[in-house]
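The chain contents come next:
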Amino acid sequence: MLTLTDLPFSFLDQLLAYSGFREIFCLRKVCRGLREYIDTTKPDLKLTQLFITLREDKLYLTIQFREEQVVVEYRNGYGSNLFDFHCVVSDGEVVKTVKGERCMDKTRLKSLKLSQEAKYNEILFEEQTSRNLFERLEECFKARSCRLQTTEINLQTFSVLQVLSILPYLEPKNLKIIELMLPTVPYNKETGLRTWRTEKLEELEQWQMAVSLKISKDICIDSIMNFLHFTHVCVTFYSISGRDLLTIKNILLDTDNVHEFFFKYKHLYHGEQFFESLGRPYIDEQRSLWYFRFPESEQILRVAHWSDSAMMSFHRKDDSSVPGNAVVQE
Amino acid sequence: MSVEPEVPIVQVEEVRENPVLYKIISSDNHVFTISEHAVKLSKTLWDLITNLGLTAENALDNPIPVENVNGKNMETIVQFCERHKYDEEEPEYTNYIREFVLPEWDRQLLSIDNEELFQLILATNYLDIQKLMDYCCRVIGDMAKDKTPEELRIIYGIPTDAEDDALERSASDSPGPSG
């Protein structure tokens, strides 16, 4: 009698490609042959998002598949090491269920395997209490044979060192969006330095190839030039100079890539010279606005300055957005 | 009273139909005719026809023997190919997209028991008909939805590991040709 396992490998591959992760899990448990086949070929589980949240004594792993979401809760002190899953992530396996844990979907996740080629759309690490998580993740990223592919990284952390322990292990060709946030817990003495020095980050290939950057911590930068390849920027500079502002304006007018460059600043040095060089502003509510036309284009660069709230933006817009009585500088 | 001019009534199907027909003989000597557009869905058969140099003139005089496919499967395959011969080329197979609903006609055609379906898949694989493989894959894949491993084992006719071991043991214990 003919059975599923008698069918050609090409058909099994096609079947696994069609199946969702639950079916793949389930098939894996049907018999030894299928288990070995699935473990060897590592079919794509259609994993789109990993979300790791660390709380006081629990760690939540949220795994978003194309069709559904699975949340696993790890509790400290139950049966095994809280960080067991890390090594598992490193060689493709996402979850090892630990005895005694409350796990929303324990049975199905016991031996979930991942294809190393799986492309994650987003990885969100939300650190709330422990620094250890990042060290562990770094270990397992290091152990991987290829860099993790994700288009977006969202790190919630208190320390730039932790960013440096993750970012270099992501595939730069895939990474488009970098978001570095502070955790949502209240500040305390553990919250680290007042500002982040980004010079080491700016050297990374991942930084240089990404297109969008958002950082919610005050940053001390190495060079403003390392921010001008992004199409979208939203940051807070601890300090910025009039010369930097002039560089931003000149480079943005010369290149096509930037769409919006927004920042807050804590200290602005020699800003007056820059603003004087822009000429008379158009005043709109609490903003001073200047408009510059891109060479041979219908688009303009709108420079906005909110002096009361210490914010600026350089924004590419259509010239139809310019108020009638404002001047567009050619 | 006006008189309608007499014009021959031509069915659209006939206009589109390519008159070239091929003959196929299954492993159990059933003979099938299949149109050129339909047979092109099978890469294996079309390669064979091309290599044999069959033309509109000599096609019906040179039946193609297909040793690996019996009449029952060949009948299903010919029906499928004739049904889908004018289908537009589908975009690359995106196998995990569940929104795709198998057309009712095809679901009916593939509503056979699993043993028969597996036989059909083997035949389809041999004849290299990608579209029918895709459809069979969907039918088999959909069976796995919301099932336990034990249920799947029964649905797919797979022996348990213990049964498998027993089978292997009995095979190795049985005397060989010389024993």
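Chain B is annotated in an unreviewed UniProt entry as Skp1-related protein of Caenorhabditis latens. Listed under Sequence similarities (unreviewed entry) in UniProt, the entry text for chain B is "Belongs to the SKP1 family."

The name recorded for chain A in an unreviewed UniProt entry is F-box domain-containing protein, from Caenorhabditis latens.

1. Structural notes on the interface of chain B and chain A
The interface of chain B with chain A comprises 35 residues on the first partner and 28 residues on the second. Approximately 2700 Å² of surface area, both sides summed, lies buried where chain B meets chain A, with 66% of it carried by carbon and sulfur atoms. Here chain B and chain A share zero salt bridges between them. Those elements giving two or more residues to the side of chain B that touches chain A turn out to be α6 (114–127), α7 (130–143), α8 (149–155) and α9 (161–173) of chain B. The leading source of residues in the side of chain B that touches chain A is α7(B), at nine residues. Across the side of chain B that touches chain A, the residue classes tally to 16 nonpolar, seven polar and twelve charged.

2. Comments concerning the nonpolar core
Formed by 119 residues in total, the largest nonpolar core has its most connected members in A:L4, A:F261 and A:F263. Looking at this core, the element that brings in the most residues is α7(B), giving eight residues. Residues within four places of A:L4 in sequence aside, it is in contact with A:F11, A:L12, A:L15, A:L27, A:L34, B:F118, B:I140, B:Y156 and B:I158. Residues A:L289, A:A304, A:W306 and A:V322 belong to the second largest nonpolar core, which totals nine residues.

3. Overview of the packing of aromatic side chains
For the coordinates displayed, the defined rule picks out 14 aromatic pairs over all chains. Measuring from centroid to centroid gives 6.4 Å for B:Y22 and B:W46, while their planes differ by 90 degrees, and the two rings are edge-to-face. Highlighted residues: B:Y22 in strand β1 (residues 21–25) and B:W46 in helix α3 (residues 43–52), separated in sequence by 24 residues. Classification of B:W46 by relative accessible area gives partly exposed; the value is 23%. Taken together, the ring pairs connect A:W207, A:F227, A:F230, A:F237, A:F261, A:F263, A:Y265 and A:F314 into an aromatic cluster. Directly above the aromatic system of A:F292 lies the positively charged group of A:K249, at a separation of 4.6 Å from the ring centroid. The ring centre of A:F294 lies 3.9 Å from the NZ or CZ of A:R316, which sits over that ring.

4. So, unusual backbone geometry
Residue and element names in this part refer to chain A. The phi dihedral of E285 is positive, around 50 degrees, even though this residue is not glycine. By secondary structure assignment, the location of E285 is in the loop between β11 (282–284) and β12 (287–293). Relative accessible area serves as the criterion here: at 73%, E285 is assigned to the exposed category.

5. Some details on α6(B)
Given a rise of 1.5 Å per residue, 14 residues ought to cover 20 Å, and the 19 Å separating the end C-alpha atoms of α6(B) matches this to within 8%. Taken together, the buried positions of α6(B) are occupied by B:N114, B:L117, B:F118, B:L120, B:I121, B:A123, B:T124 and B:L127. Summarising the contacts, the buried residues of α6(B) are in contact with α1 (9–18) of chain A together with α3, α4 (71–84), α7 and α8 of chain B.

6. A few points about the pattern of salt bridges
Counted according to the given criterion, the structure contains 13 salt bridges over all chains. Residues A:E330 and A:R293 are paired through a salt bridge, measuring 3.1 Å at the closest nitrogen-oxygen approach. Separated by 37 residues along the polypeptide, A:E330 in the segment after β15 (328–329) and A:R293 in strand β12 bring together distant segments of the chain. Given a relative accessible area of 22%, A:R293 falls into the partly exposed group. B:K85 is paired through a salt bridge with B:E82; the nearest N and O atoms lie 2.7 Å apart. The network of salt bridges with shared partners includes A:R293, A:D319 and A:E330.

Calculation criteria
Residues numbered from 1 in each chain as written. Chains lettered and ligands numbered in written order. Predicted model: local features only at pLDDT ≥ 70, side-chain atom pairs only at ≥ 80, totals over all residues. Heavy atoms only, no water. UniProt positions renumbered as here; feature names shortened; annotations may be inferred. Contact = heavy atoms within 4.5 Å. Buried area = accessible area lost by both parts, 1.4 Å probe. Salt bridge = Lys/Arg side-chain N within 4 Å of Asp/Glu carboxyl O. Helix = DSSP H or I, 4+ residues; strand = E, 2+ residues; numbered from the N terminus. Nonpolar A, V, L, I, M, F, W, Y, C, P; charged D, E, K, R; others polar. Core = buried A, V, L, I, M, F, W, Y, C linked by side-chain atoms within 4.5 Å. Buried < 20%, exposed > 50% of the residue type's maximum accessible area, 1.4 Å probe, protein only. Phe/Tyr/Trp six-rings, centres within 6.5 Å; stacked < 30°, edge-to-face > 60°. Lys NZ or Arg CZ within 6 Å of the ring centre and 35° of its normal. Expected span 1.5 Å × (residues − 1).

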